[in-house]
Amino acid sequence: MDIKVENLELENQRLLNIVGVLKLEIKVLTRLIEKSNYESECIDRYITEMEEYMEI
């Protein structure tokens, strides 16, 4: 009986570790998306400003 409980505890800890890693990966992907969106906005703003400047 004790072996089953110990195995369940080890499996539970393993799953908690996997969940922790997945949470970190989600945070990293979220930051990359935010950075990408910010860079896209900067490029769009630059293009708009240059188009306005060229029309003058």
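What counts and what doesn't
Residues numbered from 1 in each chain as written. Predicted model: local features only at pLDDT ≥ 70, side-chain atom pairs only at ≥ 80, totals over all residues. Heavy atoms only, no water. Helix = DSSP H or I, 4+ residues; strand = E, 2+ residues; numbered from the N terminus. Rg over C-alpha atoms; globule rule 2.2 N^0.38 Å. Buried < 20%, exposed > 50% of the residue type's maximum accessible area, 1.4 Å probe, protein only. Patch = residues over 30% accessible without salt bridge, like charges linked within 9 Å, V, L, I, M, F, W, Y side chains within 5 Å. Areas by Shrake-Rupley, 256 points an atom, 1.4 Å probe, with all protein chains shown as cover. Salt bridge = Lys/Arg side-chain N within 4 Å of Asp/Glu carboxyl O. Lys, Arg positive; Asp, Glu negative; His and termini not counted. Charge placed at Lys NZ, Arg CZ, Asp CG, Glu CD.

## Let's talk about the overall build of the protein
Here is step 1: When helices and strands are counted, the protein shows one helix and zero strands.
Here is step 2: Over its C-alpha atoms the protein spans a radius of gyration of 24 Å, topping by over 25% the 10 Å that the globule rule assigns to 56 residues.
Here is step 3: C-alpha extents for the protein along the principal axes are approximately 85 × 5 × 5 Å.
Here is step 4: For the protein, with 56 residues in total, the buried portion stands at 0%.

## Description of a nonpolar patch on the surface
Here is step 1: A contiguous nonpolar surface patch, about 670 Å² in accessible area, is contributed by Ile43, Tyr46, Ile47, Met50, Tyr53 and Met54.
Here is step 2: Tracing the chain through its elements places Met54 in helix H1 (residues 2–55).

## Considering a negative patch on the surface
Here is step 1: On the surface, a cluster of negative charge is contributed by Glu49, Glu51, Glu52 and Glu55.
Here is step 2: Within the element layout of this structure, Glu51 appears in helix H1.

## What about the environment of Glu39?
Here is step 1: Topologically, Glu39 is positioned in helix H1.
Here is step 2: Residues Glu39 and Val21, 18 residues apart in the sequence, show an inter-C-alpha distance of 27 Å.

## Some details on the pattern of salt bridges
A side chain with one charge may pair with a side chain of the opposite charge, provided their charged atoms come close.
Here is step 1: Tallied over the entire structure, the rule returns two salt bridges.
Here is step 2: Note that Arg14 and Glu11 form a salt bridge whose closest N and O atoms lie 2.8 Å from each other. Remark: Glu11 and Arg14 occur in helix H1; sequence separation between them is three residues, near one turn of the helix.
Here is step 3: Classification of Glu11 as partly exposed rests on a relative accessible area of 34%.
Here is step 4: Of the charged contacts in the structure, one is a salt bridge between Glu39 and Lys35, with a shortest N-O distance of 3.7 Å. Here Glu39 and its partner Lys35 are both found in helix H1, four residues apart, which amounts to about one turn of the helix.

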